[in-house]
Amino acid sequence: MTHKILVTGATGTVGRAVVAELTAPPRGRSRAVAEAPHHAPDTRADAPPEVLALVRDPVAAVLPPGVEPVRGDLTEPGSFADTVEGITAAFLVWPFGTADGLAAVLDVVARHARRIVYLSSAARRPGEREAEELIRRTGREWVFLRPHAFAAGTLRWAADARFRADGVVSEPYGGAAMPLIHERDIAEVAALALTGRSPAGVAHELTGPETLTQAEQARVIGEAIGRPIRWEELPPSEGRKRMIAGGLPPEIADAILRARAELVGRPRPVTPRAGARDFRSWADQHAHRFRATMRAARVHEYGDASVIRQEEIPIPAPGRGEVLIKVAGTSFNPSEVGLRSGLLRTVVPEMADLPLPYTLGWDVSGTVVETGAGVSWPRPGDRVMGLLEGGAAAEYAVAPARLLAPAPRAVPLADAAAIPVAGLTAWQTVYEHGRIAPGRRVLVNGAGGGVGMFAVQFARRAGATVIATAGNASSAAAVRACGADEVVDYRTDPLPGDLDVLLNLVPFAPGAGADLARLVRPGGHLVSITAPVQPPPGSRVTATRFVTRNDVGQLAEMAALVDAEEIVVDVAERRPLADLAAVHRMAEAGRTRGKIVIVL
């Protein structure tokens, strides 16, 4: 069955989450995976719903792709009467204090919709009770959502000057306890109702899974942003003055204060719901809204490792097609030494005009916390990884959504940052340029590095006999664990010959490329990711040097292999952002092994 659903309040806190839920890919699979050509098509019985978003200004509305903006105003039902023809359901947000004018809107909506899902509240104020009764009278199927206090209500603190300057929340009734609800939990219940996957005639009372006082909520937010937040108890009379000065009518301010006073002695009970998100998860996802700046590792000029600065800079905002990621980890790549020193400017044209200051970090893994216009996947809360053009060595990073893939869940989220550059390079080395097939004899030269660890595993999966080079006992043990059939100590032993494929992952001296090519039998392949190789005349060896390209489909494949425990992510070290300059120095001194993850 095809659903055509009208969402009012589509750019508000809950409406935006409802649109995202209705347009989300199937559960358990990201859109990056679902749309990749090597995956089977979606086999859900129901087709994705057609979503219409009622907005006043379609041009300014931030909506996912495929969502049709419908120009209209709830105070003028005639403004959208013609455009909602054929809808099967409607999500109704009525943003007014009374139900005046709602009957005319329902006349338009109920003309087409079989079901109306209304966002009421647990308080059931007079206007909300009247709205519910008007909806019942339409004769259409109805579902009422009655959430208790929203977690998003705490965002009011972020705008307060004392909060930003001194980390103080100053309000009455710090002991008022409530089970705050995440807007995505409301949206999930709404989406089930709008698509007919839950019954009609039900009023859902919705809460979060835990009860916290306001003072405890402030503490949790402080933990999320890494800064102590202190509750300062304000007399109710002073709190009332501030509310009224902020634009609340006196009667509304009084009602809020009465409700909070009651919650000091009688907290609202929790309504159990499987999978409900706690307030800590909401605070982690919205921490950027409570902060103005973030830590970042940047370079203002080219030079030695001392040019890397730890700075506080503004948190960026995602633009169209972009998302904001709360970074869990980035990783160190040896080529970033060349970027930092300025060497890459002379060999990579794209680096010649790099804008300074520049935030380091190409690999990224983390959690999406905000999306820009035109993004349907990933959504806030999704775990992602990707290869960026810099900016990942920071607490938050903006990334084009098209460059991201789902992060594997079988490893810590920070460790997923070890995959993009190293994994893509190894994948393309083995499967595209090395053309490795079952029975081939393959040498991985530089197997102990980040790329090498993946290359050994991919070559093994391709059915090859894998010989790996290593320079110490720990590297040798690591490559054996990754599946190498034989390990050669390149410091003491000659490299073997009679190879079908040689994968060179390390720099070599001028003229040594021909020596490497002589190890490959006629008709074989030599792939180098460092310097190009010119095989000796008549050797009939094909030599390839390539630059890694970004490929989200390949990243999604690797994530699936990690989750299936078919490949491992080998992380040699985990270091804090403050150690990034030290890691650069270690690399230049030849004292690094494997993949180093920078944990944020």
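What counts and how
Residues numbered from 1 in each chain as written. Predicted model: local features only at pLDDT ≥ 70, side-chain atom pairs only at ≥ 80, totals over all residues. Heavy atoms only, no water. Pairing = 2+ DSSP bridges. Helix = DSSP H or I, 4+ residues; strand = E, 2+ residues; numbered from the N terminus. Axes fitted to C-alpha atoms, helices over the stretch in contact; angles between N-to-C directions. Contact = heavy atoms within 4.5 Å. Buried < 20%, exposed > 50% of the residue type's maximum accessible area, 1.4 Å probe, protein only. Core = buried A, V, L, I, M, F, W, Y, C linked by side-chain atoms within 4.5 Å. Parallel < 35°, antiparallel > 145°, perpendicular 65-115°, else oblique. Left-handed = near helix turned anticlockwise from the far one by under 90°. pLDDT = per-residue confidence, 0-100. Nonpolar A, V, L, I, M, F, W, Y, C, P; charged D, E, K, R; others polar.

**Student:** Looking at this structure, how should I read the sheet that holds strand E9 (residues 202–206)?
**Tutor:** Picture the strands of a sheet paired through backbone hydrogen bonds; they go either parallel or antiparallel. The parallel open sheet is built from seven strands, whose spatial order is E3-E2-E1-E4-E5-E6-E9. Of all the strands in the sheet, just strand E3 (68–71) and E9 have a single pairing partner and so form its edges. Averaged over neighbouring strand pairs, the angle between their axes works out to 20° when direction is ignored. In this structure, strand E2 (residues 50–55) lies alongside E3, joined through four bridges in parallel fashion. The residue bridging Ala53 from the neighbouring strand is Pro69, located in E3. On the sheet, helix H1 (residues 13–22) packs against strand E1 (4–7), E2, strand E4 (89–92) and strand E5 (115–119) and is oriented at approximately 160° with respect to E1. Of the strands in this sheet, E1, E4 and E5 touch helix H3 (residues 102–109), which is tilted by about 155° from E4.

**Student:** What should I look at first to understand the pairing of strand E27 (residues 595–599) in this one?
**Tutor:** A regular strand places its side chains so that they alternate between the two faces of the sheet. Summarising burial for E27: four of the five residues are buried, a large majority. Inspection of the sheet shows strand E14 (residues 322–331) paired to E27 by three bridges, in the antiparallel sense. Within E27, the residue paired with Thr330 across the bridge is Ile598. Examined bridge by bridge, strand E26 (residues 571–576) and E27 share five bridges and lie parallel to one another. Looking at the pairing, Arg574 lines up with Val597 of E27.

**Student:** Can you walk me through the nonpolar core in this structure?
**Tutor:** A general trend in soluble globular proteins is that nonpolar side chains are found buried together. Within the largest apolar cluster, 75 residues are counted, with the highest numbers of intra-cluster contacts made by Leu360, Ile419, Ile436, Val444, Val456, Phe458 and Leu503. Per-element tally for this core: the top contributor is helix H15 (residues 450–461), with seven residues. With sequence-adjacent residues up to four places away left out, Val456 is seen in contact with Val444, Ala447, Val466, Ala468, Val479, Cys482, Gly483 and Ala484. Ranked by size, the runner-up nonpolar core spans 32 residues in total, among them Leu180, Ala218, Ile229 and Phe279.

**Student:** Please explain the sheet that holds strand E25 (residues 542–545) as it appears in this structure.
**Tutor:** Spatially, E22-E21-E20-E23-E24-E25 is the arrangement adopted by the six strands of the open sheet, whose pairing is parallel. Of all the strands in the sheet, the pair left with one neighbour each is strand E22 (486–489) and E25. Taking the axes of each pair of neighbouring strands and ignoring which way they run, one obtains an average angle of 15° across the sheet. One ladder, built from five bridges, connects strand E23 (residues 499–504) with strand E24 (residues 520–528); its direction is parallel. Bridge pairing in E24 places Leu503 opposite Val527.

**Student:** Would you mind going over the packing of helix H14 (residues 420–433) against H15 with me for this structure?
**Tutor:** Packed helices, taken two at a time, are described by the angle their axes make and the gap between the axes. Between H14 and H15, whose axes approach to 8 Å, the crossing angle comes to 40°. Overall, the two elements H14 and H15 adopt an arrangement that is oblique. For the pair H14 and H15, the sense of crossing is right-handed. Contacts from Ala422, Gly423, Thr425, Ala426, Trp427, Val430 and Tyr431 in H14 reach Gly450, Val451, Phe454, Ala455, Phe458, Ala459 and Arg461 in H15.

**Student:** Would you mind going over the confidence of the model for the protein with me for this structure?
**Tutor:** Any segment with low pLDDT has predicted coordinates that should not be analysed in fine detail. When the pLDDT values of the protein are averaged, the result is 91; 95% of them are 70 or greater. Here helix H2 (residues 31–34) is the element of the protein with the lowest mean pLDDT, 42, and E5 is the one with the highest, 98. When the criterion is pLDDT under 50, residues 28–45 qualifies, and its contacts beyond four places in sequence or with other chains add up to 25 contacts.

**Student:** Mind showing me how you'd approach the packing of H1 against helix H7 (residues 183–194) here?
**Tutor:** Running from N to C, H1 and H7 point in directions that differ by 55°, and their axes come no closer than 8 Å. Considering their axes alone, H1 and H7 lie oblique with respect to each other. Here H1 and H7 pass one another in a crossing that is right-handed. When H1 is examined against H7, the residues Thr13, Val14, Ala17, Val18, Glu21 and Leu22 are found in contact with a partner set consisting of Glu183, Arg184, Ile186, Ala187, Glu188, Ala190, Ala191 and Leu194. Here the contact of H1 with H7 is built from residues that sort into nine nonpolar, one polar and four charged.

**Student:** How do you make sense of the environment of Val369 when you look at a structure like this?
**Tutor:** Relative to the helices and strands, Val369 resides in strand E16 (residues 363–371). Exposure remark for Val369: the relative accessible area of 6% places this residue in the buried category. For the pair Val369 and Gly390, spaced 21 residues apart in the sequence, the C-alpha separation amounts to 19 Å. Ignoring anything within four residues of it in the chain, the contact list for Val369 reads Asp284, Gln285, His288, Leu324, Lys326, Pro380 and Tyr396.

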